[in-house]
Amino acid sequence: RTATIQKVAEHAGVSIATVSRAFADPAPVSDELRQRVQEAARVLNYRPSRAARTLRVGTSQAVGVVIPDLQNPFFTAVVRGIEAVLQAAGYTLLLANSDEDTARERNNLETLRADGVAGIVFVPINPARGTYRQLLVPPLHTVVVDRLPADLRADLVTVDNVGGTRLGVEHLIALGHHDIALLGGPSRHSTARERELGYEQALQAAKLPLRPEFVFRGDFREGGGYEGMRALLALPRRPTAVFVANNLMTLGAFRALHEAGVRIPDEVALVGFDDMPWATSLNPPLTAVSQPSQEIGAAAAELLLERIAQPDRAIRHVTLEATLIVRASCGAASGTRRAG
């Protein structure tokens, strides 16, 4: 049977109010009383209710985090960065997966708001205008990660998507490629639009034509990368190099190339956006634009803690740098390059 606060009070020989104060931080309870209550709680295996504490002291020690794809290693690394900072500050992380579904995202946000979390860090799906402004209203504190939300002014942490993509495409151009395709993401996401812009800027700077048939907009999932690469291989004039706009689509692109018997990088050179833990295990190892994913998460958590401490401070947008990790899939010697 679950121990109650009444049982803890009886075991410690104190009042229920004293037990309640002993678990509040800070609270006017002597060290001797606090130790007595904590020892009684340990013996009885009692854990104080987070919801009850929130009602009692008016603050929550929980933060909600909503990501769009639990299978994507980029987002799980971001969560690790968030959790490391929040845990050190005494906060608990409540994780939800929207799975790129607007109804599911809305339910996640409504549930976390109803639970009285201290704040929310989330990667938006960008539903209809006004949706986030209705859900994420003060005093709920919000920090956005990775994607620009529709119609919401909030602290934001992202990476230089334009510069990172330009860096990868410029590298392919420097290797002598003129027919470079893009496997992009859904245009409703700011990250996809920014990476497509970086692709266009690199081609324009090199005075290479923008060929509409060389741009395939997928879904940021492995299946989208697979279908996109198959479509590019079916063109009368194949690209000699492909830039893929995220990690899961890169996996699909690899699969399509291997199934078609196309040699990488001899027949098609490949660069992907997002480095992956298994990038060196691919055949050949992947050249990738690397995002500092855990640093992105840590920066988001720090912005949230700042916002909790200073609710009226100015909104901040933090943009982190991307780097190019060169491996065998592009046909060049290994190394690391930075934008600029």
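Anyway, here's the lowdown on the structure attached to this text. (Residues numbered from 1 in each chain as written. Predicted model: local features only at pLDDT ≥ 70, side-chain atom pairs only at ≥ 80, totals over all residues. Heavy atoms only, no water.)

**With respect to empty space enclosed by the protein**
Phase 1: For the structure on display, the rule yields two cavities of 30 Å³ or more.
Phase 2: For the largest cavity, the calculated volume is near 120 Å³.
Phase 3: Lining the largest cavity are 14 residues; nearest its centre among them are N72, F75, R147, F220 and N246.
Phase 4: Contributions of two or more residues to the lining of the largest cavity are made by α5 (73-88) and α9 (190-205).
Phase 5: Of the residues belonging to the lining of the largest cavity, the class tally is three nonpolar, four polar and seven charged.
Phase 6: The residue inventory of the lining of the second largest cavity, partitioned by class, reads five nonpolar, one polar and one charged. (1 Å grid on protein atoms, 1.4 Å probe; cavity = no way out; pocket = protein on both sides within 12 Å on 5 of 7 lines; lining within 4 Å. Points joined across faces, edges and corners; volume = space filled by probe spheres on them. Helix = DSSP H or I, 4+ residues; strand = E, 2+ residues; numbered from the N terminus. Nonpolar A, V, L, I, M, F, W, Y, C, P; charged D, E, K, R; others polar.)

**Topic: helix α6 (residues 102-114)**
Count 3.6 residues to each turn of an α-helix, and residues three or four apart come out pointing the same way.
Phase 1: Here α6 contains 13 residues, and its C-alpha end-to-end distance of 18 Å stays within 8% of the 18 Å for a straight helix at 1.5 Å per residue.
Phase 2: Those residues of α6 that sit buried are E105, N108, L109 and L112. When α6 is viewed along its axis, its buried side chains cluster within an angular range of 90 degrees and face the same direction. In α6, those exposed residues whose orientation departs by more than 90 degrees from the buried face are A103 and A114. (Expected span 1.5 Å × (residues − 1). Buried < 20%, exposed > 50% of the residue type's maximum accessible area, 1.4 Å probe, protein only. Arc of directions from axis to C-beta.)

Worth remembering: the numbers are spatial, not functional.
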